[in-house]
Structures are given as structure tokens and as C-alpha cells.
Amino acid sequence: MTGIIILAAGSSSRLGQPKQNLVYKDKTLLQGTIETAMASVCDPVIVVLGANSEVIVPTIEQTGVKIVQNNEWSEGMASSIQAGIRELMTINPEVKSVILMLCDQPFADTYLLNLLILAKSKHGITASFYNDTIGAPVLFDAIYFDELLQLNGAEGAKKIIQKYPDKVTEIPFPLGGVDIDTIADFEKL
């Protein structure tokens, strides 16, 4: 079984408002990401929130998603990854892998998530490839959970991807570079 952790704890400081609540195609970015994750073969679906959770939680319409509050969100992405992995291991200690995804990549779809699982090799890391780089969404086998739990501060999962380049299977995701960090990014979308 593969779980999904949606990382949505950041403060959206460059945007000036919670990007999780920006409306795209008649739903918030976070709601769209949750629906994409729920439609995949993955279970459970965990959303890690932090900053602005009091205005984000009321916008979540999906039942069956587990919401985790990361009170250390200001320490960086590592704390959100850790909160999500710990919750995943509590819900299902037998989970075999996890997909880490972001709430601000509106073109990440269910097909891509399922493909990450199908393309998984014996090495256990399957990452999206876009703009000459690899990144989220990314799948990690459970053998990498301890290393994900050891990340610090602003370190994201890319640190582990870069540590094991020969163990990464890449999946083309041409629109993966489209993410929302500023008002200009959102207006281009």
C-alpha cells in the first residue's frame, strides 16, 4: 500500500495570502490536490497543514482525508515531511511507500500519481522530471522513511533524491514546473 502526504503547511509569504485557498477551476488549489490524491490508488491521504490552518481547514470538503497540524511549520519543509511520515506510520505501520506532493502544482493529476507507483523500481524512488530537474510529486519506498525523518529545516525530499541518483526512476511531468509562489504565477495560470 502507498500513502500520499500533501505538504501544505507553508505561510505563502511571497504570495501574501494562503496559496492553499487560491481558487483554480472552481476549487481551491488544496481541494483540487486532495481530490486528485483521493482518486488515486493511494491510501491513506494525509494533508499536513501549519500556517493559516484556521482559514484553510474550513475550505476542505473531502471526507476520508487525514489532516495533521504541524506546529513547527516555520522550521521548514522537513518538519512537515516528518509530521506526515509519522502520521502515515501510525495509521498503517505496514505501508510500503509514500508519495510526497505539493498543493501548488495544479497539473499533478491522478494518472501521474498512479504512474509513480507503476514505474517504481526495486530501488524505491520514483520522481517527477521537469525543467531539467527532478522533484515532486515523488515516491519513496519505506526503506527511505528513516532518512526522511532525519531531514532538517528547509531540507526537502530532494536531498534524498540527490543522495541516491542511481536509485531514482524518473517520470516525465512537463507541467511540473508550474507552481504558485507569487501573484504573477497565479495570474499566468
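What comes next concerns the included structure. Keep in mind that this is a model prediction, so the values were computed, not measured.

### As for the sheet that holds strand β5 (residues 65-69)
In spatial order, the strands read β5-β4-β1-β6-β8-β7-β9; together these seven strands make up an open sheet with mixed pairing. The sheet terminates laterally at β5 and β9 (168-172), the two strands that pair on one side only. If you compare each strand with its neighbour and ignore which way they point, the axes differ by 25° on average. Pairing between strand β1 (residues 2-8) and strand β6 (residues 97-102): six bridges, direction parallel. By the bridge assignment for β6, T2 is matched with S97. On the sheet, helix α1 (residues 29-38) packs against β1, β4 (45-49), β5 and β6 and is oriented at approximately 175° with respect to β1. Contacting β1, β6, β7 (125-130), β8 (133-141) and β9, helix α4 (residues 110-118) runs over the sheet at an angle of about 60° to β8.

### Quick look at the pairing of β8
Most of β8 sits out of view: eight of its nine residues are buried. Two elements, β6 and β8, share four bridges in a ladder whose sense is antiparallel. If you follow V98 over to β8, its bridge partner there is F140. Sheet analysis places β7 next to β8, joined by six bridges and oriented antiparallel. Of the residues in β8, the one forming a bridge with I125 is F140. Following β7, the chain reverses through two residues before pairing antiparallel with β8; N131 in that reversal takes a positive phi of roughly 50°.

### Considerations on the side chain of D141
On the secondary structure map, D141 appears in strand β8. By relative accessible area, which is 12% here, D141 ends up buried. Excluding residues that lie within four positions of it along the chain, D141 makes contacts with K96, S97, K120, S121 and G124.

### Some remarks on the pattern of salt bridges
Counted under the stated rule, the structure contains five salt bridges. Two residues, K27 and E35, come together in a salt bridge whose shortest N-O distance is 2.6 Å. Classification of E35 as partly exposed rests on a relative accessible area of 28%. The salt bridge partner of K163 is E147, with a shortest N-O separation of 2.9 Å. Here the residue K163 occupies a position in helix α6 (residues 158-163), and E147 occupies one in helix α5 (residues 145-149), the gap between them amounting to 16 residues.

### Structural notes on the nonpolar core
Core analysis: the biggest nonpolar cluster contains 28 residues, and L100, I125, F140 and L148 have the highest contact counts within it. Ranked by the residues each element gives to this core, the list is headed by helix α3 (residues 77-91), at five residues. Not counting residues up to four positions away in its chain, the partners in contact with L100 are I5, I81, A136, P137, V138, F140, L148 and A157. Within the second largest apolar cluster, 24 residues are counted, among which are I6, A8, A37 and L49.

### Things to note about the environment of N114
Positionally, N114 belongs in helix α4. It is 9.5 Å that separates the C-alpha atoms of N114 and A37, two residues lying 77 residues apart in sequence. Apart from the residues lying within four places of it in its own chain, the contact partners of N114 are S40 and V41.

### What about the packing of aromatic side chains?
Counted by the stated rule, this structure contains three aromatic pairs. Ring geometry for Y130 and F173: centres 5.9 Å apart, planes at 85°, overall edge-to-face. Note that Y130 is positioned in strand β7 and F173 in the loop between β9 and α7 (183-188), a separation of 43 residues in sequence. In this pair, the class of Y130 matches that of F173, namely buried. An aromatic cluster of at least three residues, connected via ring pairs, comprises F140, Y144 and Y164.

Each value, and the rule that gives it
- Residues numbered from 1 in each chain as written.
- Predicted model: local features only at pLDDT ≥ 70, side-chain atom pairs only at ≥ 80, totals over all residues.
- Heavy atoms only, no water.
- Pairing = 2+ DSSP bridges.
- Helix = DSSP H or I, 4+ residues; strand = E, 2+ residues; numbered from the N terminus.
- Axes fitted to C-alpha atoms, helices over the stretch in contact; angles between N-to-C directions.
- Contact = heavy atoms within 4.5 Å.
- Buried < 20%, exposed > 50% of the residue type's maximum accessible area, 1.4 Å probe, protein only.
- Salt bridge = Lys/Arg side-chain N within 4 Å of Asp/Glu carboxyl O.
- Core = buried A, V, L, I, M, F, W, Y, C linked by side-chain atoms within 4.5 Å.
- Phe/Tyr/Trp six-rings, centres within 6.5 Å; stacked < 30°, edge-to-face > 60°.

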